[in-house]
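Fold and geometry: a report
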Amino acid sequence: MWDDAFPSFLIGLREGLEAGLIVSILVATLVRADARSRLPQVWTGVLAAIALAMSFGAVLTFTAASLSATAQEAFGGTLSLIAVAFVTAMVFWMRRSARSLSGEIKEKVTSALGMGAGVLVVTSFLAVGREGLETALFLWTTAQAAGESAGPLTGAAVGLLLSAALCWGLYRRVLKINLTRFFTATGVVLIVIASGVLGYGLRDLQEGGVLPGGTAYAFDLSGSIDAGSWYGTLLQGVFNLTPAMTWLQVLGYGTYLAVVMTLFVRGARATAPKQPAADEVTSAQEVQGAPPARRRPAWVVPVAVVTVPAVMAGVAVAFGHPKSAASQTVAVSEKDCGKGFSAPKPGRQTFQMHNTGDKTSEAYLVDPATNAVYGEVEGLAPGTTRELVATVAGGTYAWRCVPSSGTAVTSKAVRVTGGGASQAVVPVSEQDLAGPLGQYKAYVDQGLATLVRQTRTLASDIKGDQLGRARADWLVAHRTYASLGAAYGTFADFDQKINGSADGLPDGVHDKGFTGFHRLEYGLWHDESATALTAPAQQLAADTAGLRKAFPRQDFAPSDLPLRAHEILENTLQFELTGDTEEGSGTNLATADANLAGTRELLTVLRPLLTSRSPHLLPTVDADITRLQQLLHAAHHGSSWTPVDRLDTTARARLDGTTGRLLEDLAPVPDLLEIRKSA
């Protein structure tokens, strides 16, 4: 978590020290001027600044949550660029102002003491408020980059606490810090961090469709650098450097770092003090002649200045939240489909879908002209209500209600006017998947024909007591079977006979029910005799021949194809990459490589459907597959493979991380190609 926490720790320390120094100077000046009665005015301004900063953070968070995924990327990217601008201005301003900060604040306090109480409140509010807003914005952007990690908030809290302790030490004259040097050193580090935030923001804008070049990578080192390793996590968390970056990211990162760092370092040298700067809080002078403050209830102003920003933030969140703008209750049934639906305003909307019929139903928000789906609710039981969230833009919309039995019904269409953009999924029918299914079944049938020949060769090797050759032929045949992964669900009982494990069997690997490839693997690599292995080998050859004969008559549902695109590698991560199916050969990575080849073949037949529905998906997946294949092939040495349990920690983490990333990128495939019933 420290890698995510460090940038926020630094910004919390620096901004907290800036704000704390200002407050310390204000307090010290009032104390030495014998104007302690005016201290509540300072703390009131400080509380108002804190309330404003927290309210600003809440508005950012809830505003982003009400946007579509694409809009969130664009929103986050824009704010990242704004944060970079603020941080850049802040480091330059503090470099110039560190030496004269105390004197400037004391002059403002002197003027404020001669005026009303509100002026001192405003002085402290403005002095602290800017740092608070900058901190809130920077923390929001770093938290977005860190995802669900608690690192940014933890780091900021530690930094703020440390800055408070330093300011107390300065105020009590038990600590001295050369603030010019401190702010110069932290400024250098912050410029490096800000360059990473800039790169992250540019990537968000590319993913949000605001900037081009989202697939134009300047480099892609994912195959050789593990993003999950300690150094990969550190580079990404602190500097926002990732193994794969686009040309725009690299250009923005490098240009900002070169230009801003050069200007900052030159400026720091030009303004370097000839003598140690007297920039500690302890040098404040007394201020005389302050008029007595007018008495009023002490709680009124603090409560007001804290409440107003919070109320304003609540209003902004309330009016910006989709529920208040889209609370339509829409009926779902064959008779009442779409009842209660009226043209909503553009934007992210929430609909309450209520099943008024007597059958479990599905409901889709569609474009009736193209059947494109913008949102869906499945398995809605009679009498129940569930939310459906969808982004609405200009266009025509209708509801399609699909009962578990009966005819699909489409409601009356409504027209939405306005701008914006919304993403829809073009529905897939069984007919659309018929062609890919036919191609894949032909691939499986050809693979089974090859498998039958290979298992017969394997049985012949064992019968002839050629166990060395049998080990090599076993791996060839097992890889062929593993490459047919998408058909596992249709192989029924044959899969357990051919590729079942000993898990759950009463006698484990010695159980009579333990058959197939893994039974032979155990025997071949545990020095069993050819005599003992002949019967299991012949049984395997017979089972593969039986499978090939039965396969054309087996039920292979078209809807299985999109599901298997994800499930093959899920099984690979669960079984092969953990060594769970290892029975002595040390070839789990060879099996994983065959599973990957099967996934690639499956995606080949699905490519036309996927490309028309998500043009950017397959290029990303192809790159992931290439990276994973490179990692697997690195473990292949001639005729042998590195066993999973002999991989070093880095290599194993790299394999797991790359497979996990591929699974994440494959996750949309089942939804994109889900068969949906039309009217």
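Before reading on, note that the structure itself is shown above.
About the thresholds
- Residues numbered from 1 in each chain as written.
- Predicted model: local features only at pLDDT ≥ 70, side-chain atom pairs only at ≥ 80, totals over all residues.
- Heavy atoms only, no water.
- Helix = DSSP H or I, 4+ residues; strand = E, 2+ residues; numbered from the N terminus.
- Buried < 20%, exposed > 50% of the residue type's maximum accessible area, 1.4 Å probe, protein only.
- Areas by Shrake-Rupley, 256 points an atom, 1.4 Å probe, with all protein chains shown as cover.
- Phe/Tyr/Trp six-rings, centres within 6.5 Å; stacked < 30°, edge-to-face > 60°.
- Contact = heavy atoms within 4.5 Å.
- Axes fitted to C-alpha atoms, helices over the stretch in contact; angles between N-to-C directions.
- Parallel < 35°, antiparallel > 145°, perpendicular 65-115°, else oblique.
- Left-handed = near helix turned anticlockwise from the far one by under 90°.
- Nonpolar A, V, L, I, M, F, W, Y, C, P; charged D, E, K, R; others polar.
- Patch = residues over 30% accessible without salt bridge, like charges linked within 9 Å, V, L, I, M, F, W, Y side chains within 5 Å.
- Salt bridge = Lys/Arg side-chain N within 4 Å of Asp/Glu carboxyl O.

This brings us to the overall build of the protein chain. Of the regular secondary structure elements, the protein chain holds 21 helices and 12 strands. Expressed as a percentage of its 679 residues, the buried residues of the protein chain come to 49%. Carbon and sulfur atoms provide 58% of the accessible area of the protein chain, an area that totals close to 31,100 Å².

The relation between two aromatic rings is expressed through the spacing of the ring centres and the mutual angle of the planes. Here the structure, examined in full by the defined rule, presents 11 aromatic pairs. With a centroid separation of 5.4 Å and 70° between ring planes, the pair formed by Trp 474 and Trp 525 is classed as edge-to-face. With Trp 474 in helix α13 (residues 467-482) and Trp 525 in the loop between α15 (517-524) and α16 (530-550), this pair connects stretches of sequence that are 51 residues apart. Taking the relative accessible area as the measure of exposure, Trp 474 reaches 1% and is therefore buried.

What follows concerns the environment of Leu 540. Mapped onto the elements, Leu 540 comes out in helix α16. The buried category is assigned to Leu 540, whose relative accessible area is 1%. Once the C-alpha coordinates of Leu 540 and Ile 498 are considered, the two residues, 42 residues apart in sequence, prove to be 6.2 Å apart. With residues near it in sequence (within four places) discarded, Leu 540 still touches Thr 455, Leu 458, Ile 498, Gly 516, Phe 517 and Leu 520.

Turning our eyes to something else, we now look at the packing of α15 against α16. Viewed as axis vectors pointing N to C, α15 and α16 meet at an angle of 155°, and their least axial separation amounts to 9 Å. Taken together, the axes of α15 and α16 are roughly antiparallel relative to one another. Of the two elements, α15 crosses α16, and the hand of that crossing is left-handed. When α15 is examined against α16, the residues Phe 517, Arg 519, Leu 520, Gly 523 and Leu 524 are found in contact with a partner set consisting of Ala 532, Leu 533, Pro 536, Ala 537 and Leu 540. Considered class by class, the residues forming the contact of α15 with α16 number 8 nonpolar, 1 polar and 1 charged.

This part takes up a nonpolar patch on the surface. Taken together, the side chains of Leu 47, Ile 50 and Met 54 define a hydrophobic patch exposed on the protein surface, amounting to about 300 Å² of accessible area. With respect to the secondary-structure elements, Ile 50 resides in helix α2 (residues 39-65).

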